[in-house]
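Residues per chain are reported as follows:
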Amino acid sequence: MNVEKHVEALREQIRYHNYRYYVLDDPQIPDAEYDRLLRELQELEEEHPELITPASPTQRVGDKPLDGFAEVHHEIPMLSLDNAFDDEELAEFDRRVRERLEIDVVEYAAEPKLDGLAISLLYENGILRRGATRGDGSSGEDVTQNVRTIQSIPLHLIGTDFPERLEVRGEVIMPHEGFRLLNERQVAEGNKPFVNPRNAAAGSLRQLDPKVTAQRPLEMFCYGVGLVENGELPDRHSAILERLRDWGLRVYRGIATVRGLNGCIDYYKRMQQARDALPFDIDGVVFKVDRIDQQQALGFVARAPRWAIARKFPAQEELTTVLDIDVQVGRTGALTPVARLEPVFVGGVTVTNATLHNEDEIRRKDVHIGDTVIVRRAGDVIPEVVSVVKERRPKDARPFVMPSRCPVCGSDIERMEGEAVARCTGGLFCEAQRKEAIKHFASRRAMDIEGLGDKLVEQLVDEGLVNDVADLYHLDIETLYGLERMGIKSTENLVAALEASKQTTLERFLFALGIREVGEVTARALARTFGASSAKGLSDHDRAQADIDRLAKATQEELEAIPDIGPVVAGHIAHFFGQAHNRDVIKKLLDAGVTWPLQEAAAAQPLQGKTYVLTGTLEKLKRNDAKARLQALGAKVASSVSAKTSAVIAGKKPGSKLAKAKRLNVPVLSEKEFIKLLEQEEQKI
Ligand code: IVH
């Protein structure tokens, strides 16, 4: 293809994707792919400047506003930012700035790059007069009514020293928790869920009916100013942001001023680490020359300032193809379809598999074998297929068919009414379920058998050395030594770990058995109820067996009387102990020496019946510890606030849950008050 044709083809694609993104709020490809197209075009145009036309997407990013909103002309254009995709490009930027300013070290304001949509707010005499989207940068849409529904946007500024006319700019975002709840609602109501929080934010802000927007969990952070009339602002960007905060506008707390390239790189690393813990998406960090006089000296190029750059994080979404769809069998027989992918680098690692969750999910997303899909990997979470690029579906793409028999053991597959999951009915006859059950039994929070990793479990089952969890305790040095990766040291360690694991607690033991829907909390409640209280004269072994017998004989009613156990879980427990082979395995375990100390009389649960919600970052306590301590006191920890919530515990940077608590008159505790409560109640047990 000649260059001219190539350039035109790229423009054509970019225009189309612009339209999908800006006009329809329904992007078809991930940002990283879009960035690559744009870069390719920019590079070609740099090599062949004679091909540049005013209508090229490099000259005008964005597209026409939707019908229905009034158009707003931005007196000062809303520019975008140049990107740096690695430290070298960042160094280039810093070098250019230093050379132009003829200085050795530049001071930068460093901010997160929030992944939402840009917004302009016009305040006149401190009163919010107009909110507008960025649109194509020179004109956007009037979304004043919608903006007014966002709690974090003040309708009046605080104080008196603000300019007569002040245009504040920032980003409207949707935090993760709100996004999750919104999508749950979308699906429940039969609507299409949003692809990611940014699209949800954009879609929500551009609703013609402000009542709809008002129900969407939107938030705003400010990152700069546009128009300023009749008033003075500080002479540094960082100080301007502080001033905005004084006037009641929301500015991200973690903004810093850093010195030179090294300062920038440090900040980038810090934010990269903090990223997964943030309650909203950021896709990089932004560095801005802090001194306004230096910004003015640097000026602008076509669509971006010379004084700022966005250092982007590695993309969390990428395109790849589905080579095949396999079915994995889990511990409880649940069948999970897994997409085998053309390897793709996303979220900092190479991904070859992505979960498709269940059959309904595949239908909903309409994934075929052979499809081009968007995969997402954020933080430590399992990579998932976000959506299909239908336009790229090849002719020979095949739909997925759920097998009617278990791919591992050939047993029938059943899918209960109302359940999304299909299950293999093979139980422990199914080798896949057996392996998973053994892995779970050995895991850290269960029997904690160090050195018994997944690969070894698979080997032991494949070689017929272990058929059930009780067989683990018959493994000896002779059997283990010489297995793959089992040298003398690791063999000895494993045998010692097996021995040590025999001294456990009833709660861990019950959790380790892998009874359906019996997690740690339920196991603890069961242990409290069925732990021996009358054990006089019994050996450790017999007392342990007596505990189990009492639990095995418990009626549905007795089980349901335990906090947290409803009819379904009670049914699972009764079913488990009703199976002779399960009782046999337990007997074998106890005969092999597994035991637990005498359970103290059921401990008091001073916070029983109470429900707490945690929001924001706790500084002294880890979130998991806070949760465990509340649960140990008998309280429930919920993820969303309702009128029944006993109290909300608000750490630093609390999310929308705090606002909701206030709205519902639910008491709010600071971390300090919360720790005091824990200590006070823990005295009672
Ligand atoms: S400054 C003149 N700061 O990124 C500079 N933008 O690619 C204009 N964004 O449209 C933008 N976080 O929507 C700036 N801390 C931040 C930002 C930020 C996110 C967005 C903004 C803008 C786009 C530029």
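Attention here is on the structure that accompanies the text. (Residues numbered from 1 in each chain as written. Predicted model: local features only at pLDDT ≥ 70, side-chain atom pairs only at ≥ 80, totals over all residues. Heavy atoms only, no water.)

### Looking at the overall build of the protein chain
Piece 1. Counting its secondary structure elements, the protein chain contains 24 helices and 24 strands.
Piece 2. In the protein chain, which comprises 685 residues, the share counted as buried stands at 49%.
Piece 3. If you take every contact in the protein chain between residues at least 6 apart in sequence, the share linking residues at least 24 apart comes to 67%.
Piece 4. Accessible area of the protein chain: about 33800 Å², with a carbon and sulfur share of 49%.
Piece 5. Distance from the positive charge centre (93 side chains) to the negative charge centre (109 side chains) of the protein chain: 4 Å. (Helix = DSSP H or I, 4+ residues; strand = E, 2+ residues; numbered from the N terminus. Buried < 20%, exposed > 50% of the residue type's maximum accessible area, 1.4 Å probe, protein only. Contact = heavy atoms within 4.5 Å. Areas by Shrake-Rupley, 256 points an atom, 1.4 Å probe, with all protein chains shown as cover. Lys, Arg positive; Asp, Glu negative; His and termini not counted. Charge placed at Lys NZ, Arg CZ, Asp CG, Glu CD.)

### Regarding unusual backbone geometry
Piece 1. Phi angles above zero are rare outside glycine, and arginine 485 is one such case at about 65°.
Piece 2. Within the secondary structure layout, arginine 485 lies in the loop between helix H14 (477-480) and helix H15 (488-501).
Piece 3. With relative accessibility at 63%, the residue arginine 485 sits in the exposed group.
Piece 4. Within the chain, lysine 653 stands out as a residue other than glycine whose phi angle is a positive 50°.
Piece 5. Structurally, the position occupied by lysine 653 is in the loop between strand E23 (647-650) and helix H23 (656-663).
Piece 6. For lysine 653, a relative accessible area of 40% puts it in the partly exposed group.

### Description of the packing of helix H22 (residues 623-632) against helix H24 (residues 671-682)
Piece 1. Across the interface, H22 lies against H24 with an axial gap of 10 Å and an inter-helix angle of 35°. Taken as a pair, H22 and H24 cross one another with a handedness that is left-handed. Together, Ala626, Arg629 and Leu630 of H22 and Phe674, Leu678, Glu679 and Glu682 of H24 make up the contact between the two elements.
Piece 2. When the residues that make up the contact of H22 with H24 are grouped by side-chain class, the tally is four nonpolar, no polar and three charged. (Axes fitted to C-alpha atoms, helices over the stretch in contact; angles between N-to-C directions. Left-handed = near helix turned anticlockwise from the far one by under 90°. Nonpolar A, V, L, I, M, F, W, Y, C, P; charged D, E, K, R; others polar.)

### Structural notes on the pairing of strand E12 (residues 317-329)
For a regular strand, side chains alternate in direction, first toward one face of the sheet and then toward the other.
Piece 1. In the sheet, E12 pairs with strand E16 (residues 372-376) via five bridges, with the strands oriented antiparallel. Residue pairing for E16: leucine 319 is matched across the bridge by isoleucine 374.
Piece 2. Between E12 and strand E13 (residues 335-346), which pair antiparallel in sequence order, lie five residues; one of them, glycine 333, sits at a positive phi of approximately 85°. (Pairing = 2+ DSSP bridges.)

### Side note on the sheet that holds strand E4 (residues 117-124)
In a beta sheet, neighbouring strands pair by backbone hydrogen bonds and run either parallel or antiparallel.
Piece 1. Read across the sheet, four strands follow the order E5-E4-E7-E8 without closing on themselves; strand pairing throughout is antiparallel. Of all the strands in the sheet, just strand E5 (127-133) and strand E8 (219-229) have a single pairing partner and so form its edges. Taking each pair of neighbouring strands and ignoring which way they run, the sheet shows an average axis angle of 25°.
Piece 2. Across six bridges, the pairing between E4 and E5 is antiparallel.

### What to know about the site of the ligand
Piece 1. Glu111, Leu114, Glu171, Tyr223 and Lys288 are the nearest of the 14 residues found near the ligand.
Piece 2. For the ligand, an oxygen atom lies 2.5 Å from a polar atom in the side chain of glutamate 171.
Piece 3. Here the ligand has 520 Å² of accessible area as a free molecule, and 87% of this is covered by the chains.
Piece 4. At the level of elements, strand E3 (107-114) and strand E10 (282-289) are the ones that each hand at least two residues to the shell around the ligand.
Piece 5. Top contributing element to the shell around the ligand by residue count: E3, with four residues. (Near = heavy atom within 4 Å. Polar contact = N/O pair within 3.5 Å; in protein donor to acceptor, adjacent residues only side chain to side chain.)

### Overview of a negative patch on the surface
Piece 1. Together, Glu40, Glu43, Glu46 and Glu47 line one region of the surface with negative charge.
Piece 2. Considering the arrangement of structural elements, one finds glutamate 43 in helix H2 (residues 31-47). (Patch = residues over 30% accessible without salt bridge, like charges linked within 9 Å, V, L, I, M, F, W, Y side chains within 5 Å. Salt bridge = Lys/Arg side-chain N within 4 Å of Asp/Glu carboxyl O.)

### Describing the sheet that holds strand E9 (residues 256-259)
Piece 1. Across the sheet, five strands lie side by side as E2-E11-E10-E3-E9; this open sheet has mixed pairing. Of all the strands in the sheet, just strand E2 (83-84) and E9 have a single pairing partner and so form its edges.
Piece 2. Strand direction decides the pairing type here: E3 and E10, joined by seven bridges, are antiparallel. Within E10, the residue paired with leucine 114 across the bridge is isoleucine 282.
Piece 3. Here helix H3 (residues 87-101) sits on the sheet and contacts E2, E3, E10 and strand E11 (308-312); the angle it forms with E11, its principal contact strand, is near 170°.
Piece 4. Helix H8 (residues 237-246) contacts E3, E9 and E10 of the sheet and is inclined by roughly 50° relative to E3.

### Here's the deal with the packing of aromatic side chains
Piece 1. Following the criterion strictly, the structure yields eleven aromatic pairs and no others.
Piece 2. Here phenylalanine 162 and tryptophan 247 contribute two aromatic rings whose centre-to-centre distance is 6.3 Å and whose plane-to-plane angle is 85°, an arrangement assigned as edge-to-face. Here the residue phenylalanine 162 occupies a position in the loop between helix H4 (144-147) and strand E7 (165-173), and tryptophan 247 occupies one in the loop between H8 and E9, the gap between them amounting to 85 residues. Tryptophan 247 matches phenylalanine 162 in its accessibility class, with the two residues each being buried.
Piece 3. With centroids separated by 6.4 Å and ring planes inclined at 80°, the aromatic side chains of phenylalanine 441 and tyrosine 473 adopt a geometry described as edge-to-face. Taken together, the residues span a long stretch of sequence, with phenylalanine 441 in helix H12 (residues 431-442) and tyrosine 473 in the loop between helix H13 (454-462) and H14 at a distance of 32 residues. (Phe/Tyr/Trp six-rings, centres within 6.5 Å; stacked < 30°, edge-to-face > 60°.)

### Looking at H22
Piece 1. Residues of H22 that are buried include every one of Ala626, Leu630 and Gln631, and no others. Projected down its long axis, H22 shows its buried positions confined to an angular sector of 130°, all on one face.
Piece 2. At its buried positions, H22 is contacted by helix H17 (520-530), strand E21 (611-615), strand E22 (636-638), E23 and H24.
Piece 3. Once H22 finishes, glycine 634 follows within two positions and takes phi at roughly 95°, a positive value. (Arc of directions from axis to C-beta.)

### Section: the pattern of salt bridges
Piece 1. All chains considered together, the criterion is met by 55 salt bridges.
Piece 2. The partner of glutamate 124 in a salt bridge is arginine 165, and the shortest N-O contact between them spans 3.1 Å. Of this pair, glutamate 124 sits in strand E4 while arginine 165 sits in strand E7; the two residues are 41 residues apart in sequence, bridging distant segments of the chain.
Piece 3. Across the pair glutamate 419 and arginine 516 runs a salt bridge whose closest N-O atoms are separated by 3.8 Å. A residue pair is termed long-range when its members are at least 10 positions apart, and glutamate 419 in the loop between strand E19 (413-414) and strand E20 (423-424) and arginine 516 in the loop between helix H16 (506-512) and H17 qualify at 97 residues.
Piece 4. When its relative accessible area of 28% is taken as the criterion, glutamate 419 is described as partly exposed.

### As for the nonpolar core
Piece 1. Residues Ile449, Phe509, Leu526, Ile573 and Leu589 are the most contacted members of the largest nonpolar core, which totals 55 residues.
Piece 2. Within the residue set of this core, elements represented by two or more residues are H12, H13, H15, H16, H17, helix H18 (540-553), helix H20 (567-578) and helix H21 (580-591).
Piece 3. Residues contacting leucine 526, with those up to four places away along its chain left out, are Leu510, Val518, Gly531, Leu551, Leu559, Ile562, Ile565 and Ile573.
Piece 4. Core analysis: the next-biggest nonpolar cluster, separate from the first, contains 33 residues, Ile119, Val143, Leu157 and Leu244 among them. (Core = buried A, V, L, I, M, F, W, Y, C linked by side-chain atoms within 4.5 Å.)

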